[in-house]
Amino acid sequence: MGQFTPTPHDPDARGHFGPWGGRFVPEALIAAVDELAAEYDKARLDPEFVNEFKRLLRDFAGRPSLLTEAPKFAEHAGTRVWLKREDLNHTGSHKINNVLGQALLTKRMGKQRVIAETGAGQHGVATATACALLGLDCVVYMGEVDTERQSLNVARMRLLGAEVIPVKSGSRTLKDAINEALRDWVANVDDTHYLLGTAAGPHPFPLLVRDFHRIIGIEAREQILEKAGRLPDAVVACVGGGSNAIGIFHGFIDDTDVRLVGVEPGGSGLDSGSHGATLTAGTPGSLHGAMSYVMQDEDGQITEAHSISAGLDYPGVGPEHSHLKDIGRAEYFPVTDAEAMEAFALLSRTEGIIPAIESSHALAGALKLGPSLGPDGLLVVNLSGRGDKDMDTAVKYFGLADGGQA
Amino acid sequence: MSLSDVFATARAESRAALIGYLPAGFPTVEGSKDHLRSMIESGCDLVEVGLPFSDPVMDGPTIQAAAEQALSAGFRVRDLFDVVAAVADAGGRAVVMTYWNPVLRYGVDAFARDLAAAGGLGIITPDLVPDEAEDWMAASAAHGLDRTFLVAPSSTEERIAMTARASSGFLYATAVMGVTGARDVVSSAAPALVARVREHTTLPVGVGLGVRSGAQAAEIAGFADGVIVGSAFVTAAGESDAAVRALAADLAQGVRSAVAPV
C-alpha cells in the first residue's frame, strides 16, 4: 500500500473521525481549507507529485531512516526493543516529512509565502529549511517565552532566511503562536499557506499531515518484518499534537494484534495539574479548528500545558487520536518529566544515542510496558527526534556543567 | 422585541442600525454593565456582549487585551448571563458574540436556555460555520434565539447562500480579510460583499471589522443594514464612560447620515 492510498481510516468529506475533527474556523478561512483539501485530493493521486515527494525524502531528508535494535537499553525494559530512527533525518526529527509535503503543495497552489508556528523550534527549523530549498518566503511565529528558551533554533531559522516573529500575547507559548499564525492567515490567505506542524487543526490538516508521516510506519513495518521476522507486539510513540505517533501507527493500524501505544507528557504528574496529558486527562472541546480532547477549565477556557519537553507542551491533540482512543484501537498513558529524563539519560549511556526529550517519553513508555511483554516480546519505539536541541535542558536538569552525571 | 424588529425600526427611519460590541467583564462585570447601558442610551440599537475567551483567533490586539483583562479579573461564563440580563432590564437588546468552545463546554442547549432566560436575543458565532452547527440549530430553535453566522469576502456564492439559509435575525459580513481592530478607511471589499449577499437573501446585513468613526459609519450605512463597532468601543471603555457615550453618539449620528456608495 502506498503512502497516499486512501484507506478506510480516512475522515469523512468534512474531516470527521467519528465525532472528532471537522472545521471550527472562521468563515474567512473556509475557502483556503477547501482549496487545500481539493489540491491535496489531486496531489495524492498525481504520480508527479508523489514521485517528487519521494525524491526529496530520499535525496534531501535521507530516507529511509534506519531501524536499530537497542539490546542494552532493552535489558532495562525486559523485552526486545527496536528504534525507528527519525532522529537521523535531515533537521533532526520526523518533522521534515510533513514540511516537504506541504511545501510542495504550496508550490502547486501557486502560493509564495509560508507561515508556520513553532514551540521548541523543530517545526520552525524544518519549515525554514524546506522554504530555503524550494524558494518560498517563510515567516515563523514563536511564543516569546520559547524564543528565549530556544534561542539557538531562532538563530537557525534566521540563518535559513526565515523571519521569526516573537508572539507576546496570551501565555506566549505554542498555543499563542498558533493563534497568531491563524490571524496572519486570515489576513493574507490569498498568497499564503499556513504550514501547520502537527496532525491537528481544521480539515484537511489532520489527514494530510498524517499521510505525509505515514512513511514512518510503512518503513518500520517492512524493516521489522525483515529484521525480526515478525510484527511487534506494540508500537510506542510520544504524543503532543500527535504527528509522529499517527504516522507510525498507520503502518500497523490494520494489524489488529499490534498494540498502538501513545505516551503523553505527564509533567510533574497528573495530580499536580502541571502536565500536557490531553488524552488521559482532557475533555472534549474545539481548539485551533478541530473537535478533539483539550485541556480546559469548567468554563471552556483553554488551560496551559506543562512539560519539560517544549515540543509536547500543547493543550490539544490531533482529532484522529481522540477517535483511536474512543474506539479502543490505540491506548494512551502519561509518563512524568522525571521518567522521561531518566530514559533520556539511559538511552544515551546504553546505546550512544541522545534522543529528543519528546522521544524520551516514548522510551519511558517502553520501559513501563516492557516487563509485561517479557523477554520474547518485541517493541518498536518511534525515536522521533535527536536530543541536540535539548542540551540546555539536560545541562540544567542533571547539573552537567558542574561535573554532574546523568 | 426581536432582532428583526430592531432592523425594521431602523429601516422605517431610513437609516442603518448601530450595533456596539463590548466584552462582558471588561473592565469589570459591573463596569461592563454600565458601559453597555451607556451605549444603548447614547444610540446603539443593539449590543453584542462578548464572552472573553482564552484563545481569540479572530481578534486583534485591542479585544485580545480586553479579554485577557476580564479573565484575569476572574470573569466566569455565568457572569455573561448577568450582564445580558442587565442590558435587557434596562430596555436594551442584546446578542452574545462568542467563540464556540465555551458554549460547547457549558452545553449548547443549556447555554441557549440560560441566554434566552436572561433576555438575550441570539448568538453571533465567529468560529462556528453552519456546517458544524447541528446542535446549535436545534438549541436556538428550541429556545427562540436568532443565529448570526458570518460571511467573508472569500466566501463562495454557494456558501453565502447556505450561510444565509442557516441564519436568522441578521447576517454578519466581515468587511476585510483579517481580525478585529479599528482601521482608518472602510474596506473596499465591503460594498461588493454586501451586494453579493443581497443576491441570496433578504435578511438584514450588518458590516463589521475596522469601523471607528461617525464618518465611516455613514459610509457603511450607505449600503448595509447595520454598522458593527467593536474595538473602538473597547478602547473608549478603557478611557471613560463619557468616551463610550461620545463614541456612541458620534456613530449614531453617522448611521443617520448615510453616504451613497461610490
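Since this is a predicted model, take the numbers as computed values, not measurements.

Q: Quick question: what am I supposed to make of the overall build of chain A here?
A: Helix and strand content of chain A: 15 helices and 14 strands. Over its C-alpha atoms chain A spans a radius of gyration of 19 Å, differing by no more than 12% from the 22 Å that the globule rule assigns to 406 residues. Looking at chain A as a whole, 66% of its 406 residues qualify as buried. Of all intrachain contacts in chain A linking residues separated by at least 6 positions in sequence, the fraction that spans at least 24 positions is 74%. Distance between charge centroids for chain A: 4 Å, based on 37 positive and 54 negative side chains.

Q: Help me understand the pattern of salt bridges in this model?
A: For side chains bearing opposite charge, pairing can occur when the charged atoms are close. Residue and element names in this part refer to chain A. Scanning the model with the defined rule gives 44 salt bridges over all chains in all. One salt bridge connects Glu 219 with Arg 63, and the closest N-O pair in it is separated by 2.8 Å. You can see Glu 219 sitting in helix α9 (residues 205-228) and its partner Arg 63 sitting in the loop between α2 (47-61) and β3 (67-69), a full 156 residues away along the chain. Grouping residues by exposure puts Glu 219 and Arg 63 together as buried. Members of the salt-bridge network, linked through shared partners, are Asp 10, Arg 44, Arg 210, Asp 211, Arg 214 and Glu 320.

Q: When you look at the packing of helix α3 (residues 61-72) of chain B against helix α11 (residues 231-239) of chain B in this model, what are you seeing that I'm missing?
A: Between two packed helices, the angle of one axis relative to the other and the distance separating the axes together describe the packing. Residues and elements named next belong to chain B. The geometry of α3 relative to α11 is characterised by a closest axis approach of 9 Å and an angle of 50° between their N-to-C directions. Comparing their axes, α11 and α3 come out oblique. Of the two possible hands of crossing, α3 and α11 adopt the one that is left-handed. In this structure, α3 contributes Thr 62, Ile 63 and Ala 66 to the contact, and α11 contributes Ser 231, Val 234 and Thr 235.

Q: Explain unusual backbone geometry here, please?
A: If a residue is not glycine, its phi is most likely negative; likewise, a peptide bond is most likely trans. Residues His203(A) and Pro204(A) are joined by a peptide bond in cis, for which omega reads 15°. Tracing the sequence through the fold places Pro204(A) in the loop between β8 (192-194) and α9. A cis amide bond links Phe26(B) with the next residue in sequence, Pro27(B), at an omega value of -5°. Considering the arrangement of structural elements, one finds Pro27(B) in the loop between β1 (17-23) and α2 (29-41). In this structure, Arg172(A) is a non-glycine residue whose phi angle is positive, near 60°. Among the structural elements, Arg172(A) can be located in the loop between β7 (163-167) and α8 (174-188). Take Arg172(A): its relative accessible area is 31%, and that puts it in the partly exposed class.

Q: When you look at a nonpolar patch on the surface in this model, what are you seeing that I'm missing?
A: A cluster of nonpolar side chains, contributed by Ile354(A), Met391(A), Val395(A) and Leu400(A), occupies part of the molecular surface with about 260 Å² of accessible area. Examined against the element boundaries, Met391(A) turns out to sit in helix α15 (residues 391-398).

Q: I tried to follow the packing of α2(B) against helix α4 (residues 77-89) of chain B on my own but got confused; where do I start?
A: All names here are of chain B. Relative to each other, α2 and α4 sit at 30°, their axes nearing to 9 Å. Regarding the angle of α2 to α4, the classification is roughly parallel. Relative to α4, α2 is oriented so that their crossing is right-handed. Facing α2, whose interface residues are Val 29, Ser 32, Lys 33, Leu 36, Arg 37 and Ile 40, α4 presents Asp 79, Asp 82, Val 83, Ala 86 and Val 87.

Q: I tried to follow the UniProt feature "domain: Tryptophan synthase beta chain-like PALP" (unreviewed entry) in chain A on my own but got confused; where do I start?
A: Summarizing the sequence annotation, UniProt attributes the feature "domain: Tryptophan synthase beta chain-like PALP" (unreviewed entry) to residues 63-385 of chain A in the numbering used throughout. Across residues 63-385 of chain A, the secondary structure splits into 43% helix and 20% strand, with the terminal C-alpha atoms separated by 14 Å.

Q: What exactly am I supposed to notice about the UniProt feature "active site" (unreviewed entry) in chain B here?
A: Taking the numbering used here, the UniProt-annotated feature "active site" (unreviewed entry) corresponds to Glu48(B) and Asp59(B). Classification of Glu48(B) by relative accessible area gives buried; the value is 1%. Excluding residues that lie within four positions of it along the chain, Glu48(B) makes contacts with Ile19(B), Gly20(B), Tyr21(B), Leu22(B), Val95(B), Met97(B), Ile124(B), Tyr172(B) and Ile228(B). Among the secondary structure elements, Asp59(B) is positioned in the loop between β2 (46-50) and α3. We classify Asp59(B) as buried; its relative accessible area is 8%. Among residues more than four places away in sequence, those in contact with Asp59(B) are Arg183(A), Gln64(B), Tyr99(B), Val179(B) and Thr180(B).

Q: Looking at this structure, I do not really get the domain arrangement of chain A. What am I missing?
A: One widely used convention gives an interface's size as the accessible area the parts lose upon coming together. Residue and element names in this part refer to chain A. Domain boundaries assigned for chain A yield domain 1 (16-60 + 95-205) and domain 2 (67-92 + 214-398). Using C-alpha coordinates to define each centre, domain 1 is positioned 23 Å away from domain 2. At the junction of domain 1 with domain 2, the criterion picks out zero salt bridges. Inspection of the domain 1/domain 2 interface yields seven residue pairs in polar contact (both at pLDDT 80 or more).

Q: Honestly, the packing of aromatic side chains in this entry has me stumped. Any pointers?
A: Pairs of aromatic rings are described using the distance from one ring centre to the other and the angle between the two planes. Residue and element names in this part refer to chain A. Taken as a whole and judged by the stated rule, the model has 19 aromatic pairs over all chains. Aromatic pair Phe 49 and Phe 212: ring centres 6.5 Å apart, planes at 45°, arrangement tilted. Residue Phe 49 is located in helix α2, and its partner Phe 212 is located in helix α9; the two are separated by 163 residues in the primary sequence. Owing to a relative accessible area of 0%, Phe 212 belongs among the buried residues under this scheme. Following the ring pairs from residue to residue traces out a cluster consisting of Phe 4, Tyr 40, Phe 49, Phe 53 and Phe 212. The cationic tip of Lys 325 hangs over the ring face of Tyr 293; the distance from NZ or CZ to the ring centre is 5.5 Å.

Criteria and thresholds
- Residues numbered from 1 in each chain as written.
- Chains lettered and ligands numbered in written order.
- Predicted model: local features only at pLDDT ≥ 70, side-chain atom pairs only at ≥ 80, totals over all residues.
- Heavy atoms only, no water.
- Helix = DSSP H or I, 4+ residues; strand = E, 2+ residues; numbered from the N terminus.
- Rg over C-alpha atoms; globule rule 2.2 N^0.38 Å.
- Buried < 20%, exposed > 50% of the residue type's maximum accessible area, 1.4 Å probe, protein only.
- Contact = heavy atoms within 4.5 Å.
- Lys, Arg positive; Asp, Glu negative; His and termini not counted.
- Charge placed at Lys NZ, Arg CZ, Asp CG, Glu CD.
- Salt bridge = Lys/Arg side-chain N within 4 Å of Asp/Glu carboxyl O.
- Axes fitted to C-alpha atoms, helices over the stretch in contact; angles between N-to-C directions.
- Parallel < 35°, antiparallel > 145°, perpendicular 65-115°, else oblique.
- Left-handed = near helix turned anticlockwise from the far one by under 90°.
- Patch = residues over 30% accessible without salt bridge, like charges linked within 9 Å, V, L, I, M, F, W, Y side chains within 5 Å.
- Areas by Shrake-Rupley, 256 points an atom, 1.4 Å probe, with all protein chains shown as cover.
- UniProt positions renumbered as here; feature names shortened; annotations may be inferred.
- Domains from an automatic or database assignment.
- Polar contact = N/O pair within 3.5 Å; in protein donor to acceptor, adjacent residues only side chain to side chain.
- Phe/Tyr/Trp six-rings, centres within 6.5 Å; stacked < 30°, edge-to-face > 60°.
- Lys NZ or Arg CZ within 6 Å of the ring centre and 35° of its normal.

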